[in-house]
Amino acid sequence: MAKSLYETLEINEKASADEIKKAYRKLARKYHPDVNKDPQAEEKFKEINAAYEVLSNPEKKQQYDQHGDSMFGGQNFHDFARGQGSNVDLDEILRQMFGGGGGFGRSGFSQGGFGGFSEPDLDTNAQITIPFDVAVLGGKQFINLNSDSFDVKIPEGIEDGQKIRAKGKGKSYQGQKGDLILKINVASNPDYERNGDTLIKSFDLPLKTALFGGKVEIKTIHKDITLKVPQNTKQNQRFRVKELGVLNRKAGVRGDLYLKANIVLPKIEDLDEEFVKILEEKLPSN
């Protein structure tokens, strides 16, 4: 049984509703009279709209799937429509086929929004790399794209691979402007590891402070802090500092910062000779 409405939309008869919509949008953009100046484009555009009007309506689609092109007197839809003359009223054809009010008007536009062409896809995709600190703290990032320069707001706590949308910075068409969709690449930072909303930072700890305890001034992404370390601090020992990690945007709270001790050993040649002798004599060998 002939199914020329499917051929009009260049899809097969088993196409899903989503596939039908995508095919329609693609062809509608291609043959829209404002875009395609071919004299035949307007008639093709009307046929596409009529086919979509039927196949996007579950009841009409069911009837058409049952009866096929016999609804056009046995002709395929293209020949039937062209046989009506240059001023073919496809709205009237649909009324004859299905009764009721047709559905897309004499112009060929759907009254309900035309299946998407009145809002063409004007979005532009790009990607940028931002500093590690900006990803954690948020802020503005300067963008230079397609001869246009502007600042983009980076939300606090954004993760590598996430996307943000810059309104009105996409393509333009007939006064409409799309958006710029930016994939965010976060640069690495040699001082930090990030695990979700947790940050890990190594800090240098003098041997004396590691042995006898004391205070260490540490600069973190958020602020400078004073860390108190106990006696006998071990290499890579971690100290938790609450809420100095990364903002969890869903929960609205910051994670923690873990400071990892890197004990800095003095050079023997920089130490007092008598002290070195005592160390060599008294230090345990195991």
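Anything mentioned here points back to the structure above.
Residues numbered from 1 in each chain as written. Predicted model: local features only at pLDDT ≥ 70, side-chain atom pairs only at ≥ 80, totals over all residues. Heavy atoms only, no water.

Counting buried positions along helix H9 (residues 273-282) yields one of ten residues, so the element is predominantly exposed. If you check the start of H9, you find a side-chain oxygen 3.0 Å away from the backbone N of Glu 274, and it comes from Asp 272. (Buried < 20%, exposed > 50% of the residue type's maximum accessible area, 1.4 Å probe, protein only. Helix = DSSP H or I, 4+ residues; strand = E, 2+ residues; numbered from the N terminus. Polar contact = N/O pair within 3.5 Å; in protein donor to acceptor, adjacent residues only side chain to side chain.)

Take the sheet that holds strand S4 (residues 163-166) next. Pairing is mixed in the open sheet, where three strands are placed in the order S1-S7-S4. Looking at strand neighbours, the two that pair on one side only are strand S1 (124-130) and S4, the edges of this open sheet. Here the strands of the sheet are splayed against their neighbours by 30° on average, with no regard to which way each runs. (Pairing = 2+ DSSP bridges. Axes fitted to C-alpha atoms, helices over the stretch in contact; angles between N-to-C directions.)

With that settled, the discussion passes to the packing of helix H3 (residues 41-55) against helix H4 (residues 58-67). It is the contact of H3 with H4, at a shortest axis distance of 6 Å, that shows an interaxial angle of 100°. With respect to H4, the axis of H3 lies roughly perpendicular. Each of Glu 53, Val 54 and Leu 55 in H3 lies in contact with H4, whose residues at this interface are Lys 60, Lys 61 and Tyr 64. In terms of residue class, the contact of H3 with H4 is built from three nonpolar, no polar and three charged. (Parallel < 35°, antiparallel > 145°, perpendicular 65-115°, else oblique. Contact = heavy atoms within 4.5 Å. Nonpolar A, V, L, I, M, F, W, Y, C, P; charged D, E, K, R; others polar.)

Another aspect to go through is the packing of aromatic side chains. Two aromatic rings, taken as a pair, are described by how far apart their centres are and by the angle between their planes. Enumeration according to the criterion identifies four aromatic pairs in this entry. Geometrically, the ring pair formed by Tyr 6 and Tyr 64 is tilted, given 6.3 Å between the ring centres and 35° between the ring planes. You can see Tyr 6 sitting in helix H1 (residues 4-8) and its partner Tyr 64 sitting in helix H4, a full 58 residues away along the chain. Assigned by exposure class, Tyr 6 and Tyr 64 land together as buried. When the ring of Phe 132 is compared with that of Tyr 192, the centres are 5.9 Å apart and the planes differ by 20°; the resulting orientation is stacked. Taken together, the residues span a long stretch of sequence, with Phe 132 in helix H7 (residues 132-137) and Tyr 192 in strand S8 (residues 192-195) at a distance of 60 residues. Overall, Phe 132 belongs to the buried group, its relative accessible area being 9%. Its end group placed over the ring of Phe 150, Lys 169 keeps NZ or CZ at 4.6 Å from the ring centre. (Phe/Tyr/Trp six-rings, centres within 6.5 Å; stacked < 30°, edge-to-face > 60°. Lys NZ or Arg CZ within 6 Å of the ring centre and 35° of its normal.)

Interpretation note: all reported values are geometric properties and have no functional meaning in isolation.
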